[in-house]
Amino acid sequence: MKIVNGIIYGEDYKFSQRDIYTKGELFAESSDDGKVIDAEGNYVIPGLIDVHVHGCHNSDFCDATYESINDFLQYEASVGVTSICPTTMTVPEEKLLNVARVTGEYFHKISEDEEAIKAHKREASFLGINMEGPFISPDKKGSQELADIKLPDVSLVRKMQELSGNKICMIDIAPEREGAMDFITKMHDEMVISIAHTNADYATTMKAMELGADHVTHLYNAMSPYHHREPGVVGATIDNKNCMAELITDGVHHHNTVDRTTFTMLGEDRVVLISDSMRATGMPDGEYELGGHKVFVKGQKATLSDGTIAASVTNLYDCMITCVKQIQVPLETAVRAATINAARSIRMDKMYGSITSGKYADALIIDKDSLKLKTVILRGNVL
């Protein structure tokens, strides 16, 4: 397939007019199948990658059924999010093990079952499991369930890896918890270790980063605050230049100035846009469930009964557009944070995150003026 007349987002993080090609599921240097898509002077960007997303369209990853995963992935692809890391919550151990088991079954199904293979052509790529909990701090649990919080447990993660087919790609941890440093030391080569839901001070966080934690979950949310005498997790994130940090840019979780200045503090190469979206995303206002808690959704805001913000109800594409239009971050920077930065943060940039020959052909055609999504190209196929 040849895509012509587009303004292409390149590996230099800039837009330029050129033609691009796909062959099978990959971007290529040329194409001979005769298929042509006219991008008509609109932007063409890589498909978005959401490394922290719990659910959407009234499906949640912890529902742990093939049907819910299928619905989840199809909705994400339809809104331009072509790859995701479905994210667990702090739930009972047996439920986590079931999530892992169903994940393993899902991957078997899309390789063997004809109907599943056909359905997969309209599904976002499932890059791996992001475990948000249960190894978090009770003091910063947010909307996570207190009763299900556990101390870091390598054996549990090993069980889940076996059941899932080694699909855990990231795991969250509060580094001040007993056994956390040993866990980081043992596991950081096998998966991304992300600092999350933590009351750790600056020194503890820096030690965790030195041992191999190189990611921070939803910066600012559910963590020690950035104070001028104790800079906490945020300060450590600023100082550690190898650390990537997630940012929820839904216009609800933070003040616009905070999000905008985060790019200045960390640089354009270390911010990863995420949705942190829950099952109410893409659904009407009302009452929903997240991690065993009732969540009340009104407009763009989801809260627990006590008013605590509970995840988001905004998909990653809309978070990216909010980042540009409301937070006033340049489009080139926002696209970078939602694509190649995300791929790098989970060590999957070899095949995802940019319009590069040899990578998966995931791309979006978006209106140059309104930035509305026009066309989704998923692994070389037009949805």
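As a starting point, this report considers the structure included with it. (Residues numbered from 1 in each chain as written. Predicted model: local features only at pLDDT ≥ 70, side-chain atom pairs only at ≥ 80, totals over all residues. Heavy atoms only, no water.)

## A look at the pairing of strand β9 (residues 81–88)
Right, so step 1: The element β9 is largely enclosed, with a buried count of eight among its eight residues.
Right, so step 2: Across two bridges, β9 lies against strand β10 (residues 125–126) in parallel orientation. What sits directly across from Ser83, in β10, is Ser125.
Right, so step 3: Where β9 lies against strand β11 (residues 129–131), two bridges are found, and the strand directions are parallel. Counterpart to Thr87 in the pairing with β11 is Asn130. (Buried < 20%, exposed > 50% of the residue type's maximum accessible area, 1.4 Å probe, protein only. Helix = DSSP H or I, 4+ residues; strand = E, 2+ residues; numbered from the N terminus. Pairing = 2+ DSSP bridges.)

## Let's talk about the sheet that holds strand β18 (residues 293–298)
Right, so step 1: Taken together, the three strands give an open sheet; going across it, the order is β17-β18-β19, and neighbouring strands pair in antiparallel fashion. Whereas interior strands pair on both sides, the edge strands pair on one side only; in this sheet they are β17 (286–290) and β19 (301–303). Averaged over all adjacent pairs, the angle separating strand axes in this sheet is 35°, with direction ignored. (Axes fitted to C-alpha atoms, helices over the stretch in contact; angles between N-to-C directions.)

## Some remarks on the nonpolar core
Right, so step 1: Membership of the largest hydrophobic core comes to 99 residues, with the highest contact counts inside it found for Ile45, Phe183, Ile193, Val216, Leu273, Met278 and Met320.
Right, so step 2: Not counting the four nearest positions on each side in its chain, Met320 is found in contact with Ile45, Leu48, Thr249, Leu273, Ala334, Val335 and Ala338.
Right, so step 3: In terms of nonpolar packing, the next biggest core, distinct from the first, is built from 15 residues, Cys85, Val192, Ala343 and Tyr352 among them. (Core = buried A, V, L, I, M, F, W, Y, C linked by side-chain atoms within 4.5 Å. Contact = heavy atoms within 4.5 Å.)

## A short note on a negative patch on the surface
Right, so step 1: A cluster of acidic residues, Glu112, Asp113, Glu114 and Glu115, forms a negative patch at the surface.
Right, so step 2: With respect to the helices, strands and loops of the structure, Glu114 is situated in helix α3 (residues 114–120).
Right, so step 3: Judged by relative accessible area, Glu114 falls into the exposed class, the value being 69%. (Patch = residues over 30% accessible without salt bridge, like charges linked within 9 Å, V, L, I, M, F, W, Y side chains within 5 Å. Areas by Shrake-Rupley, 256 points an atom, 1.4 Å probe, with all protein chains shown as cover. Salt bridge = Lys/Arg side-chain N within 4 Å of Asp/Glu carboxyl O. Lys, Arg positive; Asp, Glu negative; His and termini not counted. Charge placed at Lys NZ, Arg CZ, Asp CG, Glu CD.)

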